[in-house]
Amino acid sequence: MITPVTAQDKKSFIQWFLNHYRLKKRESVWILNYLVNHNDLLANVHFVRDVKYCPRGIMMTSHCSEEVPFRFYKDHLVTTDAEKSFHEIRLNQNEPLYLQLNFKKSNQHSYYASVLEENPFIPVDYYITNHDKDLTNQLLNHSLYEYKKNKLMDEINRSLDEMNYEKFQQLSEKFKELKATVSHQPDS
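Predicted model, so just to flag it, every value in this text is computed and none were measured.

Chemist: I'd like a rundown of the overall build of the protein, residues and numbers included.
Modeler: Looking only at helices and strands, one finds seven helices and five strands in the protein. Going residue by residue from the N terminus, the α and β elements of the protein occur as α-α-α-β-β-β-β-α-β-α-α-α. Of all 188 residues assigned to the protein, the portion counted as buried reaches 34%. The long-range share in the protein, meaning contacts at least 24 apart out of those at least 6 apart in sequence, stands at 66%. Put simply, the protein shows about 12400 Å² of open surface, and 52% of that area lies on carbon and sulfur atoms. Charged side chains of the protein number 24 positive and 25 negative; the gap between the two group centres comes to 7 Å.

So, in structure tokens, the structure goes:
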């Protein structure tokens, strides 16, 4: 079971982050300080990756990262205006707010990982590459081929045991057809 990240954990992390990183947009510092000073609001803050998929989220970037300085996402609308974003956060304190921080090696940082939560809005196949899909198709095709081949081999052996030459011929033809239709399948 995953333990929820407490408001105190988030507050400690934000304070640590502000002491160790310089953000590209000064308004980002204001927003983070505002969050730190409002525990009830922190309860609705969730640190996630790929905030662009969230219904309401902010991406903030430090100087040591190549990412854009600031983005606020709300219901498929995007703005770089941090002041408007700040007012929207202030006026809608009871809504969940998803936060992504970009800084050097953030994906390897243990403290950041300790406050990160699973992003429930990322599409199911987001992390699946075309290479993964190709490998999956190859595996499925190979498994299906092996199943059909083994089933035919069993039937061929049975026809031999029963000395049924006619059935043996039919099954042997099916076996040849199976091998011909599936290219590059190893004989095992």
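Now that the structure has been shown, we can carry on.
Chemist: So, the pattern of salt bridges: which residues are in play, and what are the values?
Modeler: Counted according to the given criterion, the structure contains six salt bridges. Ionic pairing is found between Glu95 and Lys74, a salt bridge with its closest N-O pair at 3.7 Å. With a gap of 21 residues between them, Glu95 in the loop between helix H4 (82–91) and strand S5 (97–102) and Lys74 in strand S3 (residues 70–74) connect regions that are remote in the sequence. On the accessibility criterion, Glu95 (31% relative accessible area) is partly exposed.

Chemist: Lay out helix H7 (residues 165–181) in plain terms, naming residues and giving numbers.
Modeler: Between its first and last C-alpha atoms H7 spans 24 Å; for 17 residues at 1.5 Å apiece the expected length is 24 Å, and the two agree. Of the residues making up H7, those classed as buried are Leu171, Ser172, Phe175 and Leu178. Buried residues of H7, seen end-on, are gathered within an arc of 120° and therefore sit on one face of the element. Away from its buried face, by an angle of more than 90 degrees, H7 presents the exposed residues Glu166, Lys176, Ala180 and Thr181. Where H7 is buried, its residues meet helix H6 (130–161).

Chemist: Quick one: what's the story with the environment of Asp81, residue by residue and with numbers?
Modeler: Checked against the element boundaries, Asp81 lands in the loop between strand S4 (77–79) and H4. Note: C-alpha distance between Asp81 and Phe70 (eleven residues apart in sequence) is 8.0 Å. Separated by 3.0 Å, the side chain of Asp81 and the backbone nitrogen of Glu83 make a polar contact.

Definitions and limits used
- Residues numbered from 1 in each chain as written.
- Predicted model: local features only at pLDDT ≥ 70, side-chain atom pairs only at ≥ 80, totals over all residues.
- Heavy atoms only, no water.
- Helix = DSSP H or I, 4+ residues; strand = E, 2+ residues; numbered from the N terminus.
- Buried < 20%, exposed > 50% of the residue type's maximum accessible area, 1.4 Å probe, protein only.
- Contact = heavy atoms within 4.5 Å.
- Areas by Shrake-Rupley, 256 points an atom, 1.4 Å probe, with all protein chains shown as cover.
- Lys, Arg positive; Asp, Glu negative; His and termini not counted.
- Charge placed at Lys NZ, Arg CZ, Asp CG, Glu CD.
- Salt bridge = Lys/Arg side-chain N within 4 Å of Asp/Glu carboxyl O.
- Expected span 1.5 Å × (residues − 1).
- Arc of directions from axis to C-beta.
- Polar contact = N/O pair within 3.5 Å; in protein donor to acceptor, adjacent residues only side chain to side chain.

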